[in-house]
Amino acid sequence: MKIAVIYATQRKSKSSTYNIAQQFIQHLSDKDTVAEFFLPKSMPNFCRGCWNCFTDYKNCPDYNYLKPILEAMLEADLLVFTAPVYVYHVPGQVKAFLDHFGYQWMPHQPRKEMFSKQALLISTAAGAGTKSALKDLKDSMTFWGISHIYTFGINLHAADWDKVNDKKRLKMQKDIFKLSLKIKTEFKNVKPSLKIKMLFYTMRLMQKKLKFNPADTQYWETQGWLGKERPW
Ligand SMILES: Cc1cc2nc3c(=O)[nH]c(=O)nc-3n(C[C@H](O)[C@H](O)[C@H](O)COP(=O)(O)O)c2cc1C
């Protein structure tokens, strides 16, 4: 399957999240395309709050950084995000990245393509915090319209990958294999969950009644979603 990976940091050999992601990719890519992006290099700026994207996402001052990442994400069957826990949450560069995609949250201009993708979110911590870091990512995935979201969070009691003990590595290998099988089984058969459908219909009603942002309403109209068309 085609995979787009957004790594939270530029660490590679020493990074636990990077090495865990590599194991998943080996099981899942089947020699298909793997597009990899490393934060903050691939998207080094914070959102300026200019609101341009809510009218036209191409007017974002960072669009030159976002374009190749967006294209790879739209092309992919599976989105992979890595996030080491930093002070109980995702690293700032991951939050800054996600902020740039606020316009494609479901109340605004969600992408049809997202409704048929899967997402895998990987987080490691020394001792605690993967749950809240994974939630940071999961909120965006849900509001992007992704139903099949898998999380892999683990406390490693280590700062570097080579310091992770053998027992933990072995257990992880087994868990990674099991979760990869699940992702493979769902591939080609991704259908939106009831939760995602309910979110969509709530947002549709909002577009019909409230018309908060004319650009959003026009987008929904153009997609045909205010009529009979659906993104799935
Ligand atoms: C700035 C910073 C903040 C961190 N905050 C936490 C934390 O809140 N809880 C925790 O258990 N580990 C924390 N850690 C440790 C990392 O989450 C942990 O070592 C992780 O496995 C590193 O992933 P990586 O090897 O992919 O970089 C922090 C590390 C850094 C550099």
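The following refers to the structure shown. (Residues numbered from 1 in each chain as written. Predicted model: local features only at pLDDT ≥ 70, side-chain atom pairs only at ≥ 80, totals over all residues. Heavy atoms only, no water.)

Another aspect to go through is the environment of Ser-116. One can find Ser-116 in the loop between α3 (92-99) and β4 (118-125). Taking the C-alpha atoms as reference points, Ser-116 and Lys-188, 72 residues apart in sequence, are found 8.6 Å from one another. At a separation of 3.2 Å, a polar atom in the side chain of Ser-116 contacts the main-chain carbonyl oxygen of Glu-113. (Helix = DSSP H or I, 4+ residues; strand = E, 2+ residues; numbered from the N terminus. Polar contact = N/O pair within 3.5 Å; in protein donor to acceptor, adjacent residues only side chain to side chain.)

Neighbouring residues of the ligand: 17 residues in total, closest Ser-15, Thr-17, Val-85, Thr-124 and Gly-127. Between the ligand and Ser-16 there is a distance of 2.8 Å, counted from an oxygen atom to a backbone nitrogen or oxygen. Tyr-88 is positioned such that a nitrogen or oxygen atom in its backbone is 3.0 Å from an oxygen atom of the ligand. Considering the ligand on its own, with 640 Å² of exposed area, one finds that the protein chains cover 73% of that surface. Taken together, the elements giving at least two residues each to the shell around the ligand come down to α1 (16-28) and β4. Taken together, the residues that form the shell around the ligand break down as 10 nonpolar, 5 polar and 2 charged. (Near = heavy atom within 4 Å. Areas by Shrake-Rupley, 256 points an atom, 1.4 Å probe, with all protein chains shown as cover. Nonpolar A, V, L, I, M, F, W, Y, C, P; charged D, E, K, R; others polar.)

Right, let's talk about α1 for a bit. Look at α1: 18 Å from first C-alpha to last across 13 residues, which is about the 18 Å you get at 1.5 Å a residue. Burial analysis of α1 places 10 of its 13 residues in the buried class, the great majority of the element. Buried within α1 we find Ser-16, Thr-17, Tyr-18, Asn-19, Ile-20, Ala-21, Gln-23, Phe-24, Ile-25 and Leu-28. Where α1 is buried, its residues touch β1 (3-7), β2 (34-38), β3 (78-84), β4, β5 (148-155) and α5 (166-186). Asp-30 sits one or two residues past α1 and shows a positive phi near 50°. (Expected span 1.5 Å × (residues − 1). Buried < 20%, exposed > 50% of the residue type's maximum accessible area, 1.4 Å probe, protein only. Contact = heavy atoms within 4.5 Å.)

Right, let's get into the sheet that holds β4. The strand order β2-β1-β3-β4-β5 describes an open sheet built from 5 strands, whose pairing is parallel. The open sheet has two edge strands with one neighbour each: β2 and β5. Sheet twist, expressed as the average angle between the axes of neighbouring strands with direction ignored, equals 15°. Across the sheet, α1 is in contact with β1, β2, β3, β4 and β5; its angle to β4 comes to roughly 150°. Against the sheet, α5 engages β3, β4 and β5, with an angle of about 180° to β5. (Pairing = 2+ DSSP bridges. Axes fitted to C-alpha atoms, helices over the stretch in contact; angles between N-to-C directions.)

Within a regular strand, the side chains alternate between the two sheet faces. Of all 7 residues in β3, 7 are buried; the element is thus mostly enclosed. Both faces of β3 are covered, namely the face carrying Leu-78, Val-80, Thr-82 and Pro-84 and the face carrying Leu-79, Phe-81 and Ala-83. As defined by bridge partners, β1 adjoins β3 across 4 bridges and the pair is classed as parallel. Pairing of Val-5 across the sheet is with Val-80, part of β3. Note that β3 and β4 share 7 bridges and pair parallel. Looking at the pairing, Ala-83 lines up with Ser-123 of β4. The β-α-β motif built from β3, the intervening α3 and the parallel element β4 has right-handed crossover chirality. (Right-handed = clockwise from strand over helix to strand, strands pointing away.)

Moving on: the pattern of salt bridges. On inspection of all chains with the given rule, the structure shows 9 salt bridges. Here Asp-160 and Arg-11 are joined by a salt bridge, their closest N and O atoms 2.5 Å apart. In this pair, Asp-160 is assigned in the loop between β5 and α5 and Arg-11 in the loop between β1 and α1, connecting sequence segments 149 residues apart. Across the pair Lys-163 and Asp-162 runs a salt bridge whose closest N-O atoms are separated by 3.6 Å. (Salt bridge = Lys/Arg side-chain N within 4 Å of Asp/Glu carboxyl O.)

The analysis is restricted to geometry; functional conclusions fall outside its scope.
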